[in-house]
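In case you want the letters, here they are:
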Amino acid sequence: HQTGYLLLTGRAQTEVELRQALALQQEMGVGSEWIEPAAVTALAPLVDGRGLRGAAWHARDGFLDPHELVAALAQSARSRTVEIRTSARVTSIARAPHGHLEVGTTDGAVSADWVVNAAGADAGAVAAMTGLRLPVEPIRRNLAFIQGDGESPNLIPMCVDVDTGVLVRREPSGGYVVAYSDPNDRPGRETSVDPRFLEALAERIGNRFPSLESAPVDPRQCWAGLYPETPDHHAVIGEP
């Protein structure tokens with residue numbers, strides 16, 4: 001769903017930082033732009049435009065179904081004779097003779113010319129097997145589902161309130177996925193929902209999304225997962 005992303009702010013300094021990021025993106029050929037409050041609320045009527053300075057906007061951003069994407073990639077790979085080993089944990093990566101890499105797994109060893117570290121939150125641990133220090137740590141991210149009431153059936157952009165850390169997007173079937181990332185969360189492998197999450201969300205969601213402030217949230221419709229975090233919040237891509 002190519003809904004676009006909106007990064008919202010009501011703070012002057014944050015606007016400066018977002019505009020600087022936009023300038024770099026545009027220099028690299030990314031079609032991001034700065035839009036004014038009226039354009040923001042036209043794209044996302046859910047957003048409270050009072051005190052809003054504007055937003056960084058990229059129309060080609062969006063979201064997808066992770067399970068369906070992985071299934072499609074697996075099907076395509078298998079059609080090209082790729083062997084996929086599920087439930088096989090990598091235990092070692094070592095340089096073998098003639099420049100090959102020997103990958104030890106719980107399902108036997110694999111010899112390869114290239115190894116792609118796509119381990120997400122575990123990327124740092126995988127890199128350490130080769131003696132590399134990769135600054136990727138697992139950080140818990142909590143999310144909640146809020147059932148909408150009388151909402152428009154149209155999807156809206158992913159809305160990120162940069163000032164509070166709250167993000168909101170609408171589900172195709174209705175309702176909203178809402179998240180808040182505590183910048184003080186320490187790295188770890190805990191994937192249960194933080195008991196402080198709903199309280200922290202309630203304190204912040206009204207800043208830009210007041211219509212959701214009083215919406216009931218069922219704790220049984222909350223979940224958490226591990227996010228691969230780097231010092232600058234960007235992916236690490238390329239050869240070591």
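Everything below is about the structure shown above.
This section reports on the structure supplied with the text. (Residues numbered from 1 in each chain as written. Predicted model: local features only at pLDDT ≥ 70, side-chain atom pairs only at ≥ 80, totals over all residues. Heavy atoms only, no water.)

All chains considered together, the criterion is met by 12 salt bridges. Note that Asp194 is salt-bridged to Arg140, the shortest N-O span being 3.5 Å. Placement of the pair is Asp194 in the loop between strand E10 (176-180) and helix H5 (197-204) and Arg140 in strand E7 (residues 137-146), with a sequence separation of 54 residues. Classification of Asp194 as buried rests on a relative accessible area of 7%. (Salt bridge = Lys/Arg side-chain N within 4 Å of Asp/Glu carboxyl O. Helix = DSSP H or I, 4+ residues; strand = E, 2+ residues; numbered from the N terminus. Buried < 20%, exposed > 50% of the residue type's maximum accessible area, 1.4 Å probe, protein only.)

What follows deals with helix H1 (residues 12-27). Taking 1.5 Å as the rise per residue, H1 with 16 residues should run 22 Å; its terminal C-alpha atoms sit 23 Å apart, in good agreement. Those residues of H1 not exposed but buried are Thr14, Glu15, Leu18 and Leu22. For H1, the angular spread of buried residues about the axis comes to 100 degrees, placing them on one side. For H1, the exposed residues set more than 90 degrees away from the buried face come down to Gln13, Gln20, Leu24 and Glu27. One or two steps after H1, the chain reaches Gly29, where phi turns positive at roughly 90 degrees. (Expected span 1.5 Å × (residues − 1). Arc of directions from axis to C-beta.)

With that settled, consider the nonpolar core. As a rule of thumb, soluble globular proteins bury nonpolar side chains together. If you look at the biggest cluster of nonpolar residues, it comprises 27 residues, and the most contacted ones within it are Leu6, Leu8, Val178, Phe209 and Leu212. With residues up to four places along the chain from it excluded, the contact list for Val178 reads Asn142, Leu143, Ala144, Ile146, Val166, Leu167, Val168, Phe197, Leu201, Ile205 and Leu212. (Core = buried A, V, L, I, M, F, W, Y, C linked by side-chain atoms within 4.5 Å. Contact = heavy atoms within 4.5 Å.)

Among the secondary structure elements, Glu15 is positioned in helix H1. Taking the C-alpha atoms as reference points, Glu15 and Arg80, 65 residues apart in sequence, are found 47 Å from one another. The residues touching Glu15, leaving out its near neighbours within four places in the chain, are Thr9, Trp34 and Arg53.

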